[in-house]
Amino acid sequence: MGLVTSRSPLERLDFDNVALRRLPLDPSEEPGARAVKGACFSRVRPQPLAAPRFVAVSRDALALLGLNGEEVARDPLAPEYLSGSRIMPGSEPAAHCYCGHQFGQFAGQLGDGAACYLGEVKVPPGQDPELLRENPSGRWEMQVKGAGLTPYSRQADGRKVLRSSIREFLCSEVMHFLGVPTTRAACVVTSDTRVVRDVYYSGNPRNERCSAVVRIAPTFLRFGSFEIFKQADEHTGRQGPSYGRDEIRGQMMDYVIEMFYPDIQRDHPDRVERNVAFFREVTRRTARVVAQWQCVGFCHGVLNTDNMSILGLTLDYGPYGFMDRFDPDFICNASDNSGRYSYQAQPAICRWNLVKLAEALAPELPPDRAEAVLSEYLGLYNSFYLENMRRKLGLLKRDEPEDEMLITELLQTMHNTGADFTNTFRGLSRISCPTEGEMKDLTEAGPDELKTKQAEDWSRWITRYRKRLSRELEGQSDVQAVQEERVRVMDSTNPRVVLRNYIAQNAIEAAEKGDFSEVQRVLKVLEKPFSSQPGLEFPAWVDGGAPTKQGGSFLECKT
């Protein structure tokens, strides 16, 4: 009798669903939206899609699970498994219960209204030790977004469409390759199932294809996971569904710290000191990730407490945007009328969210101890931000007090002259002397008087920058080596390409017409955002691979 082999590589995944064993599970499997009390997860039944098929797969993300991307892409069963249409052996679909402060107001129970926990896959043998340092749990959680109704769907249908799925897929992956902590995306699946959506809220709805994206992270627990215990809010009157169940809060903290912060668990036998150390590390990671957003010109758009990862990852890609021209007041969310989540507000909003997390962790986290940790946030953020910015400017040999002013004046000059954020920083490594050509690249076209003023602004800043660079050479015996290191570091810190909105939109429009090649091409370019990739940086429909007036290079700023 021959060996029995599985039909699909996804049937070989080794699931170990610890979260469902360690955290309270909703005993009810009643369908429909409802309040879920005393539980962190509810079992769900994903709703199958008709004729599911891949739009794109991320080979790099699938490798986290020990899967070969080419093998998965060829597997006829994979789109079914990775859309929730068929359940993988060992998978236990569930939806997570959480609350959140949305635009500053407590919204009560939210939860996974369209997302579905599939389970936790054991880390395969031989995984990169650096990944294991960032994920000490030894498991990767898989989640499918767009698999249908859950108890937390409220008035929605639990479905996602091609537009939102492609945007989340591409941005999850580019953020990883930019070096920004993030959840990952393994694939996008689309189908013949359709839903009605009013894209522009204009009263003109249209049928769109239901699609799904598979996300991967050590865990998708978030600040809002701990807000299910909140007492009635003084402004909205809403309270968490598990108010009064303090023992579950302690259970959740034990789980998160033991699984994802084992060093803290080991080093702090005293429970209060352990919890303070945990909050301090979450604060540090949050300061780090928002500093990295600022340094790549990324605006999240919906920094509610339910979109803040307990691991300091970028989580939930909705109306995000990478800036084109630098504008500190940049808003990427059309619903954000007050600018609460603007680019320049992000560091302060993340601190506000940490305050809400601290409140949610009390009394396990004493308020006075939490306040002391929160007082460290601004210093942590500034330290991460300056460290990143010095690398972006090639200031590697010494830290000088004037560096902060140099950075501030650069950003002010960029704002005044309409300079493109990504292209400007990428161009700085070419500056050894302020030639006319270099300055021209950094300014925005306009009337002659304006261009002259812009050139003067840039000339002043570049002169100051060159003086600062000259001090990098003091005491250095090999000036050429210092210069080469500076260029190397800058060009590996300042991306050549980012996911500009119009690039994502081009890929979406092609995919909606049945052409998935543009999504795949964009992913391939974004996997190497610091490198020149001749032949890939322009869509296939651009004649000869060269830019045209209607073209779309990754390097162009479209407004």
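Remember, it's a predicted structure, so these values are computed and weren't measured experimentally. (Residues numbered from 1 in each chain as written. Predicted model: local features only at pLDDT ≥ 70, side-chain atom pairs only at ≥ 80, totals over all residues. Heavy atoms only, no water.)

Colleague: Would you mind going over the overall build of the protein in detail, with residue names and values included?
Modeller: Tallying secondary structure elements over the protein gives 19 helices and 13 strands in all. Here the C-alpha atoms of the protein give a radius of gyration of 24 Å, agreeing with the 24 Å that 2.2 N^0.38 yields for 559 residues. Projected onto its principal axes, the C-alpha positions of the protein cover 70 × 60 × 60 Å. Within the protein, the proportion of its 559 residues that are buried is 57%. (Helix = DSSP H or I, 4+ residues; strand = E, 2+ residues; numbered from the N terminus. Rg over C-alpha atoms; globule rule 2.2 N^0.38 Å. Buried < 20%, exposed > 50% of the residue type's maximum accessible area, 1.4 Å probe, protein only.)

Colleague: Could you give me a rundown of the pattern of salt bridges, with the residues and numbers involved?
Modeller: Overall, the coordinates contain 53 salt bridges when judged by the stated rule. A salt bridge links Asp 16 to Arg 21; its shortest N-O distance comes to 2.9 Å. Put simply, Arg 390, Arg 398, Asp 399, Glu 400, Glu 402, Asp 403, Arg 468, Arg 471, Glu 472 and Glu 474 are held in one network by salt bridges that share partners. (Salt bridge = Lys/Arg side-chain N within 4 Å of Asp/Glu carboxyl O.)

Colleague: Please give an account of the domain arrangement of the protein that cites residues and values.
Modeller: Split by domain assignment, the protein resolves into domain 1 (9–361) and domain 2 (395–436 + 448–492). Contacts between the two partners involve eleven residues from domain 1, matched on the other side by seven residues from domain 2. At the boundary of domain 1 with domain 2, total buried surface from both sides reaches about 680 Å², with 63% on carbon and sulfur atoms. Inspection of the region where domain 1 meets domain 2 yields zero salt bridges. Scanning the region where domain 1 abuts domain 2 turns up two residue pairs in polar contact (both at pLDDT 80 or more). The residue makeup of the side of domain 1 that touches domain 2, split by class, is six nonpolar, two polar and three charged. (Domains from an automatic or database assignment. Contact = heavy atoms within 4.5 Å. Buried area = accessible area lost by both parts, 1.4 Å probe. Polar contact = N/O pair within 3.5 Å; in protein donor to acceptor, adjacent residues only side chain to side chain. Nonpolar A, V, L, I, M, F, W, Y, C, P; charged D, E, K, R; others polar.)

Colleague: For the side chain of Arg 159, give the residues involved together with the corresponding values.
Modeller: Secondary-structure assignment places Arg 159 in the loop between strand S8 (139–145) and strand S9 (160–161). In terms of polar contacts, Arg 159 uses its side chain to reach the backbone carbonyl oxygen of Pro 48, at 3.3 Å. Reaching out from Arg 159, the side chain makes a polar contact with the backbone oxygen of Gly 146 at a distance of 3.1 Å. When residues no more than four places from it in sequence are discounted, the contact partners of Arg 159 are Gln 47, Pro 48, Leu 49, Gly 146, Ala 147, Gly 148, Val 195, Arg 197 and Cys 210.

Colleague: So, unusual backbone geometry: which residues are in play, and what are the values?
Modeller: Across the junction of Ala 362 and Pro 363, the peptide omega takes the value 5°, indicating a cis bond. Here Pro 363 is to be found in the loop between helix H10 (346–361) and helix H11 (367–374). Positioned with a positive phi, Phe 103 is a non-glycine residue whose angle comes to about 50°. Relative to the helices and strands, Phe 103 resides in the loop between strand S5 (99–102) and strand S6 (105–109). For Phe 103, a relative accessible area of 33% corresponds to the partly exposed category.

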